[in-house]
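# Commentary on secondary and tertiary structure
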Amino acid sequence: MKTDNNSLEIEKIVPSAEDFLPLLGTDYVEIYVGNAKQAAHFYQTAYGFQPLAYAGLETGMADRASYVLRQDRITIVLTSPLNSDGPINEHINKHGDGVKVVALWVDDAAKSWEETTSRGGESCLKPEVLSDKDGEIVRSGIHTYGETLHYFIERKNYNGIFLPGYQAWNPTYKPAPVGLKYVDHMVGNVGWNEMNKWCEFYAKVMGFAQLVSFDDKDISTEYTALMSKVMSNGNGRIKFPINEPAEGRKKSQIEEYIDFYNGAGVQHMALATDNIIETVTALQNRGVEFLRVPASYYETVLDRVGEIDEELEPLSELGILIDKDDEGYLLQIFTKPILDRPTMFFEIIQRKGAQSFGKGNFKALFEAIEREQELRGTL
Ligand code: FE2
């Protein structure tokens, strides 16, 4: 009997004396993009996100337009500037489209700010109350790696659709969801020798603990290398792997990211599904492009991972990877970058007990990434 593959949905939060920052989940992820209206169409059409809310000129927002899309418990906000200069423009000019805010759902946004800033977190937003006819939100925020921010969102006294200032967005065009359920983990790429600094930030400022680490012996191919540590909050709902480049014969994929993003930032968001075969079939039919490993991967994979519930054939046809750990196995696949700059991409993951991140697939996967880097001339 395999464990329920929603094992990340740990319902028992055990507040302990040490957990000074209890996190209820990922509230939303805000991505600054060059053209939010068109990006929203892409997230609807290709990824099955559903329209939820909108803010812009029509709602009294003078400097930006934001589209909020949701699929089950994943909420994405796409924001574009309406003027020719300002901090959003600077962000897009420097980084291309990229994640600006990883917002965390909390019970007490003021306390979250006090606990983190008193431990050395740099404030980007003092606790503030936003209200409208549906109640009030409290939010606050701190800086993390690069120009990325964490917001703390308290919504227990709010019944509106998203945040004050947003109106319902209900177009007739609504392609079906593809079965994406929740954010499993979000990965940050940081610069040379900065991984430990940011892991210490998550440990000290946010009370996270290190789950696993991979060094360049785990994650190196002929050319590329990287180091990675996974930080998790107390109840395991929030997992942030942090990668840094390592020295290899040629350019690390992390260095390529840093070069094109112009600094540290979010590399990928892993989105969980209960049925990866159905989800990836739908995504491929809608034009989402995935990295492929050679067919030979499937000749030996079951020797490595043992018996699995799924038929191997649809997995190999779709290019879905398999890995296992002591607790079970997982199925995963990675998209190609979703932008022209080789920066951000998505992972689709289905956990069947395993709580790890696919270490057994790193080599095959990174060789696939290197083939893409070679085509870009950035290896
Ligand atoms: Fe991942």
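The structure we're discussing is the one just above.
## Things to note about the overall build of the protein
Across its full length, the protein holds nine helices and 17 strands. Relative to the compact-globule value of 21 Å for 379 residues, the protein shows a C-alpha radius of gyration of 20 Å, a close match. Counting only residues that meet the buried cut, the protein has 55% of its 379 residues in that class. Across the protein, contacts joining residues at least 24 apart in sequence account for 69% of those joining residues at least 6 apart. Summed over its atoms, the accessible surface of the protein is roughly 16,400 Å², and 48% of this surface lies on carbon and sulfur atoms.

## Quick notes on the pairing of strand 8 (residues 149–154)
Counting buried residues along strand 8, six of its six residues qualify, which places the element largely inside the surrounding structure. Here strand 8 shows no split at all, with Leu149, Tyr151 and Ile153 on one side and His150, Phe152 and Glu154 on the other all buried. The turn joining strand 7 (residues 135–143) and strand 8, which pair antiparallel and follow one another in sequence, is formed by five residues; a positive phi near 60° is taken by Gly146.

## Digging into helix 6 (residues 276–285)
Of the positions making up helix 6, those classed as buried are Ile276, Thr279, Val280 and Leu283. Each buried residue of helix 6 sits inside an arc of 90° when the element is viewed along its axis, so together they form one side. With respect to the buried face of helix 6, the exposed residues turned more than 90 degrees away are Glu278 and Asn285. Contacts from the buried residues of helix 6 go to strand 10 (180–189), strand 14 (265–273), helix 8 (312–318), strand 16 (328–334) and strand 17 (345–352). Capping the start of helix 6 is the job of one residue whose side-chain oxygen sits 3.2 Å from the backbone nitrogen of Ile277: Asn275. Phi turns positive one or two residues past the end of helix 6, at Gly287, with a value near 95°.

## Concerning the environment of His143
Secondary-structure assignment places His143 in strand 7. Among the residues examined, His143 registers a relative accessible area of 26% and is labelled partly exposed. Once the C-alpha coordinates of His143 and Ala225 are considered, the two residues, 82 residues apart in sequence, prove to be 27 Å apart. When sequence neighbours within four positions are dropped, the list of residues in contact with His143 reads Glu122, Ser123, Cys124, Thr148, Leu149 and Phe201.

Cut-offs applied
- Residues numbered from 1 in each chain as written.
- Predicted model: local features only at pLDDT ≥ 70, side-chain atom pairs only at ≥ 80, totals over all residues.
- Heavy atoms only, no water.
- Helix = DSSP H or I, 4+ residues; strand = E, 2+ residues; numbered from the N terminus.
- Rg over C-alpha atoms; globule rule 2.2 N^0.38 Å.
- Buried < 20%, exposed > 50% of the residue type's maximum accessible area, 1.4 Å probe, protein only.
- Contact = heavy atoms within 4.5 Å.
- Areas by Shrake-Rupley, 256 points an atom, 1.4 Å probe, with all protein chains shown as cover.
- Pairing = 2+ DSSP bridges.
- Arc of directions from axis to C-beta.
- Polar contact = N/O pair within 3.5 Å; in protein donor to acceptor, adjacent residues only side chain to side chain.

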